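Given next are the chains, with one letter for each unit.
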Amino acid sequence: MNNYAARVFEDIKAKTPWEKEFLQSVFEVFESLGKMLERDRKYEKNCILERITIPERVIMFQVPWVDDKGNVQVNQGYRVQFNSAIGPYKGGLRFHPSVNLSILKFLGFEQIFKNSLTTLPLGGGKGGSNFDPKDKSDREVMAFCQSFMRELYSHIGPDTDVPAGDIGVGGREIGYLFGMYKKIVNAHQSVLTGKSLNWGGSLIRPEATGYGNVYFASEMLKTRGISFDGRKVLISGSGNVAQFTAQKVINEGGKVISLSDSSGTVIDKDGIDHEKLEFIMELKNVRRGRISKFADEYPSVTFFEGSKPWQLASADVALPSATQNELNLDDAKELVKNGCVCISEGANMPSTPEAVEFCHANDILFGPGKAANAGGVATSGLEMSQNAMRMGWLAEEVDAKLKGIMHNIHAVSRVAAEESGEPDNYVLGANVAGFKKVADAIIDLGV
Ligand code: NDP
Ligand code: 2IT
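The sections below set out a description of the structure shown in this document.

Basis of the calculations
Residues numbered from 1 in each chain as written. Chains lettered and ligands numbered in written order. Predicted model: local features only at pLDDT ≥ 70, side-chain atom pairs only at ≥ 80, totals over all residues. Heavy atoms only, no water. Pairing = 2+ DSSP bridges. Helix = DSSP H or I, 4+ residues; strand = E, 2+ residues; numbered from the N terminus. Axes fitted to C-alpha atoms, helices over the stretch in contact; angles between N-to-C directions. Contact = heavy atoms within 4.5 Å. Near = heavy atom within 4 Å. Polar contact = N/O pair within 3.5 Å; in protein donor to acceptor, adjacent residues only side chain to side chain. Areas by Shrake-Rupley, 256 points an atom, 1.4 Å probe, with all protein chains shown as cover. Nonpolar A, V, L, I, M, F, W, Y, C, P; charged D, E, K, R; others polar.

1. Quick word on the sheet that holds strand β11 (residues 342-344)
Now for step 1: Within the open sheet, the seven strands sit side by side as β9-β8-β7-β6-β10-β11-β12. Their pairing is mixed. Lying at the two open borders of the sheet, with one neighbouring strand each, are β9 (301-305) and β12 (365-367). Taking each pair of neighbouring strands and ignoring which way they run, the sheet shows an average axis angle of 15°.
Now for step 2: Pairing between strand β6 (residues 232-235) and strand β7 (residues 255-261): three bridges, direction parallel. Opposite L234, over in β7, you have S258 as the bridge partner.
Now for step 3: Sheet contacts for helix α9 (residues 205-222): β10 (317-319), β11 and β12; angle to β11, the most-contacted strand, approximately 150°.

2. Some remarks on the site of ligand 2
Now for step 1: Among the 14 residues in the neighbourhood of ligand 2, the closest are listed as K90, Q111, K114, K126 and S380.
Now for step 2: Here an oxygen atom of ligand 2 sits 2.8 Å away from a polar atom, N or O, in the side chain of K114.
Now for step 3: Within the backbone of G165, an N or O atom sits 3.0 Å from a nitrogen atom of ligand 2.
Now for step 4: Considered on its own, ligand 2 offers 300 Å² of accessible surface; in the complex 94% of this is hidden by protein.
Now for step 5: Counted by class, the shell around ligand 2 contains two nonpolar, seven polar and five charged residues.

3. Looking at the site of ligand 1
Now for step 1: Close contacts around ligand 1 come from 25 residues, with D166, R205, T209, S262 and N348 the closest.
Now for step 2: Between K134 and ligand 1, the recorded distance is 2.9 Å, taken from a side-chain N or O atom to an oxygen atom.
Now for step 3: Contact distances for ligand 1 include 2.9 Å between an oxygen atom and a side-chain N or O atom of R205.
Now for step 4: If you list the elements that add at least two residues to the shell around ligand 1, you get α9, α10 (240-251) and β7.
Now for step 5: Here the shell around ligand 1 is composed, by residue class, of four nonpolar, 14 polar and seven charged.

Any link to function would need more than the numbers given here.
Structure, rendered in structure tokens:
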């Protein structure tokens, strides 16, 4: 790491040593910027690393609500408005018991560079709550979302900050949040993305993150003359990203071997086809059940309680699509031993730094989340464009734009990596390409 980056990193670490996930994401970006910071001293002169690692604003608030038994509950709400140099703050809301400031700062920090890579005018932000939507009734989720938005509404707006979904926040939650915002401001504005189709959503937004990751991974595989056709694929998670990743892999002729949730992993030795995926989507999105129910239904499927997919079966490609740090060094070693040639991140920072290092050292294609899963936020940007025009594009049009954006992210990341002398290092390429646009904008806009 270059001296300037090391000095800023040590300072952040001294001030917030407990923010482990945030420090992990900053360290990775800073490591990539060495040559760039040496070449061009303007970033140091303008204190860009200091300014890009301190959120422009963090909003923390109380979210009180009443459960079905009539008891008062209270959760912590957050919105980290990280950087608005190239556009309004943009990024998801996560509702999960593990949510804290470190996790939201890492997600918001990643989002700055991811959004920059999309080429759309989107700043970086993230928010959420330690609220757990699991096992809550629809009415309880509505009560929570309404209380959350009663506090958040005054800090967001279509040109200020446009939240969306993430873990625990899907179409249902976006509906309740949007409904309350609309009541308060008396305007039907493009203040959230991931909306349903009949009240302002975009076709292909639900599919976009998963499809985008498969498009990105296909571009990486193409550099080695291979495709998904006939390849075995391990996927973790069984939520929004994992479901549509699986759908696209099947469409591309691949064989989906696994899915998972926080209770364990299902391995299907025959492969998950469209009919089985439909069962899983109904199980997860309508019945909101556990993934083990899939094994109860199909004889070719085995459920492994408490396990992640990586060491349970061999595969050519791994697409982690659940949560941060879910694929460690041992997992990476086992994957590679079993023939895996490509890991592409549907989730944000699912691979530990040691796992990433191992991939690079062993010539494994590695697609970092901020590039590989950028299709979701890119399509959110397209949803905002359609709302601004008061028009909607056809699914084929949105999908073609998404594909073009993923193709371009792959190309610019590769070029930046090549210029740094490591053509296959997409981590380096994505960090350099994503950083440059935002850093230059911060300088242009003055202090
Ligand atoms: P969902 O809530 O729809 O699904 C999350 C899935 O991951 C569920 O299967 C969940 O299991 C599992 N999971 C969550 N936390 C954990 C955990 N701590 N340990 C084990 N399993 C866990 O979320 P998404 O599919 O939207 O998000 C998945 C990942 O993709 C996240 O990292 C998110 O940040 C990232 N992402 C999402 C985008 C989007 O557009 N939605 C865009 C870009 C990235 P369970 O139900 O049991 O908790
Ligand atoms: O991590 C992400 O990019 C998301 N959760 C999607 C953000 C968005 O604004 O669509």
